[in-house]
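One letter stands for each residue in the lines below.
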Amino acid sequence: MTTDAQSQEMTDGFHLVIDALKLNGIDTIFGLPGIPITDLTRKAQAEGMRVISFRHEQNAGNAAAIAGFMTQKPGICLTVSAPGFLNGLTSLANATTNCFPMILISGSSEREIVDLQQGDYEEMDQLAIAKPLCKAAFRVLHAGDIGVGIARAIRAAVSGRPGGVYLDLPAKLFAQTMEAEAGKKSLIKVVDPAPRQIPARDAVQRALELLKSAKRPLILLGKGAAYAQADADIRALVEKTGIPYLPMAMAKGLLPDTHEQSAAAARSFVLPEADVVILVGARLNWLLSHGKGKTWGGKDHKDWGGQKFIQIDISPQEMDSNVRIDAPLVGDIGSCVSALLAAIDSTAGSSWTKPPADWLRAIAERKNKNLAKMAETLAKDPTPMNYHSALNVVRDIIKANPDAILVNEGANALDFTRSIVDMYKPRKRLDVGTWGIMGIGMGYCIAAAVVSGQPVIAIEGDSAFGFSGMEVETICRYNLPVCVVIFNNNGVYRGTDVNLGGGQDVAPTVFVKGARYDKLMEAFGGVGVHATTPAGLRNAMEEAIRSRKPTLINAVIDETAGTESGRITSLNPQSARKK
Ligand SMILES: Cc1ncc(C[n+]2csc(CCOP(=O)(O)OP(=O)(O)O)c2C)c(N)n1
Ligand SMILES: [Mg+2]
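Overview of the structure.

Side note on the side chain of Asp-12
Here is step 1: Relative to the helices and strands, Asp-12 resides in strand E1 (residues 10-12).
Here is step 2: Despite being buried, Asp-12 has no salt bridge partner; Lys-43 is the closest side chain of opposite charge, sitting 5.7 Å away.
Here is step 3: Only 2.8 Å separates the side chain of Asp-12 from the side chain of His-15, close enough to count as a polar contact.
Here is step 4: Filtering out sequence-adjacent residues up to four positions away, Asp-12 remains in contact with Phe-174, Ala-175, Gln-176 and Thr-177.

Below you can see the structure in the form of structure tokens.
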């Protein structure tokens, strides 16, 4: 229990919050100090917690969210009231959308003044605003309820489908005192915060029967599968059944991307051709074209391609959200996959029939052709550098350092990295996720380095980097082994747009030409490198990994190389007017 200079027998809101977090194994806070939580950050540090102090709350929130993804423990983001809270809110909503467990804890102003709208310092009804944007939201008014409040926040964040939770702590709470012994008793150590959810036996049987009927089966691994940390069973499911698989972006590395059953290089062939698809922690949202339309062999964008789906998901409501799910398998992913494996073993013994050879051969043909084409493109060495020649370097660096974590955002910088850079281990690729959101970069880097201690490499579009770029100071301050590589093509998508109005201003997608982002890093004592060739990029990245020094490499990319919105050009609305 905490001792405080004021009294041996009394405790207060500050200490109860810290004690409740620590009691539940939470040892890190990502946040930004100010009224009323400045002393909370100080005292948390005094009590042995790691307090990572950011330059903007959105980045602290993104850090908390990805820490939650990596550890299955809720990441904590701590902010001040109204503006700080709002800055953190985007990351809370993003965490919820991505099913990452995080808790946004914000201080808030005087309730009786806020509720009468009498104009308090940073007045805002934060609880009401947070509610629709997260999985659950709570407020604690009495010090004696802090234990319950934190316990409820933890359970809400990690149980069932994980997500963001908001916890509102009004300023007055922190100074409230109570007897230390009673305070201690009021705290709750949450038992089994994310209980396993075992799938029903008939649901497993239904899935098995459907799978047995498949002629062209396919497994789709989503980031839910990566979150589950059921790596060995997922690998066994793939390898025992012999079914080809596709990883979603953050599921890359769950099995090494070089695995012979990976169909990633034949994606546009396998999706329309597959007859039975097992979704493992992957939702049929826009990233999978909603399970229908031309991507899946349908005639138009609403047309079902005829696939039957087995969907493994912890949320029963996910089923039928876009197309019919013939075999819903509801439960936690680890339990579902192991139940399916057991069913496969018990019905087929050791002689499970592998998918028909013509299906595997057809995939291998496409895959090998596409990989050969890619190898040819990667071998070119154009001047200036383009995405491919730069990513050929990144690909080698990750291959040589498979424990390094790769953070990735941008449009072309994202799409090319995803398809070119192979991942070899689970949960090593962290990216823009479900929303395709810019701004996750530096927050994710900081949390990844803090949580794992491994080197972190960020591949950033120059626009994407700008959303969280000031956090390079934070990276330098905590001396984190982060190597930021900016793919600098002078703008959003490309650096070549012109002002359609013909005025002095540059086009909305164009930045300062030849910007030197490396100098930004030098300003804070980090290593800045200006790289114009693959060799220069390679040397700088190797040195960054070796030295573990905060490094920023300004990699100059041909400004004509990118395409509008990368791979999702088609989502841009087209004007009906000719001129
Ligand atoms: C928060 C947010 N704002 C805006 C966007 C729209 N957007 C998508 S990609 C992108 C930046 C692309 O440029 P860059 O990062 O330089 O990558 P490039 O294509 O040039 O490699 C933007 C602004 C977004 N996805 N998220
Ligand atoms: Mg760019």
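From this point, the narrative continues.
Topic: the pairing of strand E7 (residues 164-170)
Here is step 1: Within E7, seven of the seven residues are buried, leaving the element largely enclosed by the surrounding structure.
Here is step 2: Neither face of E7 is open: one carries Gly-164, Tyr-166, Asp-168 and Pro-170, the other Val-165, Leu-167 and Leu-169, and all of them are buried.
Here is step 3: Examined bridge by bridge, strand E5 (residues 102-108) and E7 share seven bridges and lie parallel to one another. Within the sheet, the bridge partner assigned to Ser-108 lies in E7 and is Pro-170.
Here is step 4: Pairing analysis gives four bridges linking strand E6 (residues 136-139) to E7, with the strands arranged parallel. Considered in E7, the bridge of Ala-137 is made with Tyr-166.
Here is step 5: For the crossover from E6 across helix H7 (residues 146-158) to E7, the handedness is right-handed.

Concerning the side chain of Glu-57
Here is step 1: Along the chain, the position of Glu-57 falls in helix H3 (residues 57-71).
Here is step 2: For Glu-57, which is buried and forms no salt bridge, the nearest opposite charge comes from Arg-55, at a distance of 10 Å.
Here is step 3: There is a polar contact of 3.0 Å between the side chain of Glu-57 and the side chain of Asn-87.
Here is step 4: Ignoring any residue separated from it by four or fewer positions in sequence, one finds Glu-57 in contact with Leu-32, Cys-77, Thr-79, Val-80, Gly-84, Asn-87, Gly-88 and Ser-91.

A look at the sheet that holds strand E4 (residues 75-79)
Here is step 1: As summarised here, the arrangement of the six strands in space is E3-E2-E4-E5-E7-E6, forming an open sheet in which the pairing is parallel. Either end of the sheet is taken by a strand with one partner, and the two such strands are strand E3 (50-53) and E6. Mean inter-strand twist for the sheet, computed between neighbouring axes without regard to direction, equals 20°.
Here is step 2: Together, E4, E5 and E7 form the strand contacts of helix H4 (residues 82-98), whose direction differs from that of E5 by roughly 160°.

Some details on the site of ligand 1
Here is step 1: Inspection of the region around ligand 1 gives 17 residues, with Tyr-387, Asn-412, Gly-436, Asp-462 and Ala-464 positioned closest.
Here is step 2: Backbone polar atom of Gly-491 to an oxygen atom of ligand 1: 3.0 Å apart, as the coordinates give it.
Here is step 3: When isolated, ligand 1 has an accessible area of 580 Å², and the protein chains bury 76% of it.
Here is step 4: A per-element tally of the shell around ligand 1 places helix H19 (residues 462-466) first, with three residues.
Here is step 5: Here the residues of the shell around ligand 1 are counted per class, giving nine nonpolar, seven polar and one charged.

So, helix H1 (residues 13-23)
Here is step 1: Most of H1 is tucked away: nine of the 11 residues are buried.
Here is step 2: Turning to H1, its buried residues number three or more, namely Gly-13, Phe-14, His-15, Leu-16, Val-17, Ile-18, Asp-19, Ala-20 and Leu-21.
Here is step 3: Where H1 starts, the residue carrying a side-chain oxygen 3.3 Å from the main-chain nitrogen of Phe-14 turns out to be Asp-12.
Here is step 4: Phi turns positive one or two residues past the end of H1, at Gly-25, with a value near 75°.

Here's the deal with the sheet that holds strand E13 (residues 327-330)
In a beta sheet, neighbouring strands pair by backbone hydrogen bonds and run either parallel or antiparallel.
Here is step 1: An order of E10-E9-E11-E12-E13 is seen for the five strands of this open sheet, with the pairing classed as parallel. Two strands lie at the open edges of the sheet, namely strand E10 (245-247) and E13, each paired on one side alone. Across the sheet, the mean angle from the axis of one strand to that of its neighbour is 15°, orientation sign disregarded.
Here is step 2: Taken together, the five bridges between strand E9 (residues 217-221) and strand E11 (residues 276-280) define a ladder with parallel strand orientation. Residue pairing in the sheet places Leu-220 in a bridge with Leu-279 of E11.

A look at unusual backbone geometry
Here is step 1: A cis amide bond links Ile-35 to the next residue, Pro-36, at an omega of 5°.
Here is step 2: Locating Pro-36 in the fold gives a position in the loop between strand E2 (28-31) and helix H2 (38-46).
Here is step 3: Cis geometry marks the peptide bond from Thr-383 to Pro-384, where omega comes out at -10°.
Here is step 4: The topology assignment puts Pro-384 in the loop between helix H15 (357-379) and helix H16 (387-400).
Here is step 5: If you check the backbone angles, Asn-490 has positive phi at about 65° while not being a glycine.
Here is step 6: Relative to the elements of secondary structure, Asn-490 occurs in the loop between strand E17 (482-488) and helix H21 (517-522).
Here is step 7: Phi is positive for Tyr-493, close to 75°, though the residue is something other than glycine.
Here is step 8: The topology assignment puts Tyr-493 in the loop between E17 and H21.

Cut-offs applied
- Residues numbered from 1 in each chain as written.
- Chains lettered and ligands numbered in written order.
- Predicted model: local features only at pLDDT ≥ 70, side-chain atom pairs only at ≥ 80, totals over all residues.
- Heavy atoms only, no water.
- Helix = DSSP H or I, 4+ residues; strand = E, 2+ residues; numbered from the N terminus.
- Buried < 20%, exposed > 50% of the residue type's maximum accessible area, 1.4 Å probe, protein only.
- Lys, Arg positive; Asp, Glu negative; His and termini not counted.
- Salt bridge = Lys/Arg side-chain N within 4 Å of Asp/Glu carboxyl O.
- Polar contact = N/O pair within 3.5 Å; in protein donor to acceptor, adjacent residues only side chain to side chain.
- Contact = heavy atoms within 4.5 Å.
- Pairing = 2+ DSSP bridges.
- Right-handed = clockwise from strand over helix to strand, strands pointing away.
- Axes fitted to C-alpha atoms, helices over the stretch in contact; angles between N-to-C directions.
- Near = heavy atom within 4 Å.
- Areas by Shrake-Rupley, 256 points an atom, 1.4 Å probe, with all protein chains shown as cover.
- Nonpolar A, V, L, I, M, F, W, Y, C, P; charged D, E, K, R; others polar.

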